[in-house]
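Chains, contacts and geometry: an overview
Now for the letters of each chain:
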Amino acid sequence: MPDTRILLADDHALVRRGVRLILDGEPGLTVVAEAADGAEAIELAARERPDLAVLDIAMPRMTGLQAARELSRSMPELRILILTMYDNEQYFFEALKVGASGYVLKSVADRDLVAACRAAMRGEPFLYPGAVNALVRHYLERVKDGDGVPARAITDREEEVLKLVAEGHTSREIADLLYISVKTVERHRANLLQKLGLKDRLELTRYAIRVGLIEP
C-alpha cells in the first residue's frame, strides 16, 4: 500500500519541524509539503494532491478552518485534521462543520496525532476525550431545546474580509488577495459592521480576536 502523503500547515516553523518528526518517523506516513498559512496550504494542496492535510487553526492570511472549508469544497476526497492548541468547543464544532475528520490538541500530539492520521485515512473521525464530552452535551442540549445548530452570523466571504481587515490590510490589499474589487471589499466591511453591531476597524479587530480569527 502506498504511503499516505501529508500536507502540514502551521505558521511556526518549529512546530512544523516537530510534527514532521512525529509523522515521518511512522511507517506509511510521509510529509510531502509544508505551508506557513492557510492560503499557501490551498496552493500546495492543488499542486501536490496530498491524501491528508494537517492544519493549524490560528494562521495569518487565512485560518486553518477557512482553508479546511475551501479544501473540502475543491478537493472532497482530501482528508483533513485540525491540529491546535485550543481546547475550545466553538473551534471544535466549526472544524466538524467545515469537513475536518478529526481535532487533535498540540499538547498531546505526540500521543494522538499518528492515531488521528490513521483514523482519518480509514474514514473514521478522531476526537480527543474533551471533544467527545462536548459533542454529547451539545447534542443533548439541542434535543432538549428542539432546535438545530445556530446559523453563523456572517458569510464565509465576510469572514475572510474580517480576518484581513483585522490583520491591518488596506481595502486595496484585501481586494488583490481575494480577487475582488475594492468596492466589493467596502461593501463586505459595511455589512460586517452592520451585522455585528460594531463601529470601526478597532472593534472589528477586537471581535476577530474574540472569535479566534487572529491571535492577540
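Quantities reported herein were computed from a predicted structural model and do not represent experimental measurements. (Residues numbered from 1 in each chain as written. Predicted model: local features only at pLDDT ≥ 70, side-chain atom pairs only at ≥ 80, totals over all residues. Heavy atoms only, no water.)

Overview of the packing of helix H8 (residues 171–178) against helix H9 (residues 182–196)
Worth spelling out the cut-off: Axis lines are fitted through C-alpha atoms, for helices just across the contact stretch, and the angle between N-to-C directions can take any value from 0 to 180 degrees. Note on conventions: DSSP H or I runs of at least 4 residues are helices, E runs of at least 2 residues are strands, and numbering of each starts at the N terminus. Reported orientations rely on four angle classes, namely roughly parallel under 35 degrees, roughly antiparallel over 145, roughly perpendicular from 65 to 115, and oblique for the rest. For this analysis, residues touch if any pair of their heavy atoms sits within 4.5 Å. Three classes are used, and their members are as follows: Ala, Val, Leu, Ile, Met, Phe, Trp, Tyr, Cys and Pro are nonpolar, Asp, Glu, Lys and Arg are charged, and the others, Gly among them, are polar.
Running from N to C, H8 and H9 point in directions that differ by 105 degrees, and their axes come no closer than 8 Å. As far as their axial angle goes, H9 and H8 are roughly perpendicular. Taken together, the residues of H9 that come into contact with H8 (itself represented by Ser171, Arg172, Ile174 and Ala175) are Val182, Val185, Glu186 and Arg189. Its residues placed into classes, the contact of H8 with H9 shows four nonpolar, one polar and three charged.

Quick look at the sheet that holds strand S2 (residues 29–35)
Let me state the cut-off plainly: Strand pairing follows a simple DSSP-based rule, namely that at least 2 bridges must link the two strands.
Taken in spatial order, the six strands of this open sheet run S2-S1-S3-S4-S5-S6, and their pairing is parallel. Strand pairing shows two members of the sheet lacking a second neighbour, S2 and strand S6 (126–127), which therefore form its edges. This element, helix H2 (residues 38–48), spans strand S1 (4–9), S2 and strand S3 (52–55) of the sheet and lies at about 130 degrees to S2. Where helix H4 (residues 89–97) meets the sheet, it contacts strand S4 (79–84), strand S5 (102–105) and S6, and its direction lies at approximately 145 degrees from that of S5.

Side note on the nonpolar core
So the rule is basically this: Within this scheme, the nonpolar core is defined by two criteria: the residues are buried Ala, Val, Leu, Ile, Met, Phe, Trp, Tyr or Cys, and they are joined through side-chain atoms within 4.5 Å. Here's how the labels work: a residue is buried when its accessible area is under 20% of the maximum for its type, exposed when over 50%, partly exposed in between, all with a 1.4 Å probe on protein chains only.
Core analysis: the biggest nonpolar cluster contains 31 residues, and Leu7, Leu55, Leu65, Leu71, Ile80, Ile82 and Tyr103 have the highest contact counts within it. Taken together, the elements giving at least two residues each to this core come down to S1, S2, H2, S3, helix H3 (64–74), S4, H4 and S5. Per element, the largest residue contribution to this core is five residues, and it comes from H2. Excluding residues that lie within four positions of it along the chain, Tyr103 makes contacts with Ile57, Ile82, Thr84, Tyr86, Asn88, Tyr91, Phe92, Ala95, Phe126 and Tyr128. Grouped together as the second largest cluster of nonpolar side chains are 20 residues, Leu192, Tyr207, Val211 and Ile214 included.

Points about the UniProt feature "modified residue: 4-aspartylphosphate" (unreviewed entry) in the chain
For clarity, the cut-off: UniProt positions are given in the numbering used here, feature names are shortened, and annotations may be inferred rather than shown by experiment.
Per the UniProt entry, the sites bearing "modified residue: 4-aspartylphosphate" (unreviewed entry) are Asp56 in this numbering. With relative accessibility at 5%, the residue Asp56 sits in the buried group. Contact partners of Asp56, with chain neighbours within four places excluded, come to Ala9, Asp10, Asp11, Gly64, Leu83, Thr84 and Lys106.

Let's talk about the packing of helix H1 (residues 13–24) against helix H5 (residues 109–121)
Put simply, the test is: Handedness of each helix crossing follows the sense of rotation of the near helix against the far helix: counterclockwise by less than a right angle gives left-handed, clockwise gives right-handed.
Contact geometry of H1 with H5 gives a least axis separation of 10 Å together with a crossing angle of 55 degrees. Between H1 and H5, the crossing angle belongs to the class labelled oblique. The crossing of H1 and H5 is right-handed. Taking contact as the criterion, the partners of Val19, Ile22 and Leu23 in H1 are, on H5, Ala109, Asp110, Leu113, Val114 and Cys117. Looking at the contact of H1 with H5 residue by residue, the classes come out as seven nonpolar, no polar and one charged.

Points about H8
Stated precisely, the cut-off is as follows: Summarising the geometry, the arc corresponds to the directions from the helix axis toward the C-beta atoms.
Turning to H8, its buried residues are Ser171, Ile174, Ala175 and Leu178. Around the axis of H8, the buried residues are gathered within 100 degrees of arc, so they sit on the same side. The elements touched by buried residues of H8 are helix H7 (156–166) and H9. Within two residues after H8, Tyr179 carries a phi angle of roughly 60 degrees, on the positive side.

Things to note about the side chain of His188
Take His188: it is sitting in helix H9. Beyond its immediate stretch of four places on either side in the chain, His188 contacts Arg157, Glu158, Val161 and Ile180.

Considerations on H7
Counting buried positions along H7 yields nine of eleven residues, so the element is predominantly enclosed. Turning to H7, its buried residues are Glu158, Glu159, Glu160, Val161, Leu162, Lys163, Leu164, Val165 and Ala166. Buried positions along H7 lie against H3, H8, H9 and helix H10 (201–210). The positive-phi residue at the C-terminal boundary of H7 is Gly168, with phi of around 95 degrees.

A short note on unusual backbone geometry
Even without being a glycine, Arg61 presents a positive backbone phi close to 65 degrees. In this structure, Arg61 sits in the loop between S3 and H3. Phi angles above zero are rare outside glycine, and Tyr179 is one such case at about 60 degrees. In this fold, Tyr179 is placed in the loop between H8 and H9.

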